[in-house]
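# Structure at a glance
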Amino acid sequence: MQAVWVNGIPTDQIKVTDRGFCYGDGIFETIAVVDGRPQLLSQHLNRMRSSLERLGFPEAIESVIESDLALLSFQGDQTLKLIVTRGNGLRGYMPPQEVSATRVMTLTDRVINYDRANQGVVTRLCDYRLPLNPVLAQLKHLNRLDQIMARNEWHDPNIAEGIMLDAEGFLIEGTMSNLFWFNSAAGELQTPLIDRCGVKGVMRDHIISLLQREDIRVVEGRFPPSVLSEASEAFICNSLIGIWPIVALDHNHYKIGSITRKLQSILGRELD
């Protein structure tokens, strides 16, 4: 079941002149609801606030979004999606001087895939590479064509995710997730630096904060895919799936490691 609100009104329709529809001019957040409670909501709203500021949206929109959220009644396990566009505009790329943003909220039932969290997932490296764009890096903006191109490379249901490189061949992220691995030689968890492309995930940042709290060294950097052949464990994450251990990435195979299980356990306690 899906319920939709547009600008605080129950409806599933927007105007064809909306800049989100025409140009991908906007941002979105996808939030897990567990037992009727939105998870990491303040972190999602903070990222939304930062993203809107970077795109030049007026600050007044933030308080309206919070008013929209007050309309919702959460029950059980659901997925909440928030979309904010720059609203309706005339033909052409120039944004309107006065922005009347479109706010869309969708609330759907969520099925949790416990098998993938418990048994791990098979992944692959994608051929499609993310272009470098530091101006839009980290943002979860509405233009997801890069991820669509990468996700269209495989149709094997046994492959859960594709790992993407940037234009220079460095690891960045999954098509829908962020990536971590443990380099046993260095004694540290490693994750790609998201400063020139990719999405700076809310769950990614939360996991980094957990690692720092647990005194587990984590390093962000530019890493070639060859480092994954040296990893002893690896996992992907996002706000909906939590943590999925990686058991295979092309020809590399991994055991589900103690750090991955520890982080899953901590998340389970925090978000329960």
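Relevant structure appears above.
No experiment lies behind these values; they were computed from the predicted model shown.

## Here's the deal with unusual backbone geometry
Negative phi is the rule for most residues except glycine; trans is the rule for most peptide bonds. Of note in this structure, Asp215 is not a glycine but carries a positive phi near 60°. Along the chain, Asp215 falls in the loop between α6 (202–213) and β12 (218–221). One non-glycine residue, Asp250, lies in the positive phi region at around 55°. Here Asp250 is to be found in the loop between β14 (242–249) and β15 (252–253). Judged by relative accessible area, Asp250 falls into the partly exposed class, the value being 41%.

## Section: the packing of helix α2 (residues 41–54) against helix α3 (residues 60–69)
Close contact between α2 and α3 brings their axes to 11 Å; oriented N to C, the two are set at 145°. Of the two possible hands of crossing, α2 and α3 adopt the one that is right-handed. Contact residues: Leu45, Met48, Arg49 and Leu52 in α2; Ile61, Glu62, Ile65, Glu66 and Leu69 in α3. Considering only residue class, the contact of α2 with α3 consists of six nonpolar, no polar and three charged.

## Focus on helix α7 (residues 258–270)
In this model, α7 (13 residues) spans 18 Å end to end at C-alpha, consistent with the 18 Å of a helix rising 1.5 Å per residue. Where α7 is concerned, the buried positions are Ile259, Thr260, Leu263, Gln264, Ile266 and Leu267. Each buried residue of α7 lies within a common arc of 165° when the element is viewed along its axis, so the set occupies one face. Pointing more than 90 degrees away from the buried face of α7 are the exposed residues Ser258 and Arg269. In this structure, the buried side of α7 is in contact with α4 (114–119), β10 (178–183), β11 (188–192), α6, β13 (233–238) and β14.

## A word on the pairing of β10
Among the six residues that make up β10, six are buried, leaving the element largely enclosed by the rest of the structure. Residues Asn178, Phe180 and Phe182 line one face of β10 and the alternating positions Leu179, Trp181 and Asn183 line the opposite face, and both faces are buried. The pairing of β10 with β11 spans three bridges and is antiparallel. Bridge pairing links Trp181 to Gln190 in β11. The antiparallel pairing of β10 with β11 creates a hairpin that spans four residues between the two strands, and Gly187 there sits at a positive phi of about 70°.

Analysis parameters
Residues numbered from 1 in each chain as written. Predicted model: local features only at pLDDT ≥ 70, side-chain atom pairs only at ≥ 80, totals over all residues. Heavy atoms only, no water. Helix = DSSP H or I, 4+ residues; strand = E, 2+ residues; numbered from the N terminus. Buried < 20%, exposed > 50% of the residue type's maximum accessible area, 1.4 Å probe, protein only. Axes fitted to C-alpha atoms, helices over the stretch in contact; angles between N-to-C directions. Left-handed = near helix turned anticlockwise from the far one by under 90°. Contact = heavy atoms within 4.5 Å. Nonpolar A, V, L, I, M, F, W, Y, C, P; charged D, E, K, R; others polar. Expected span 1.5 Å × (residues − 1). Arc of directions from axis to C-beta. Pairing = 2+ DSSP bridges.

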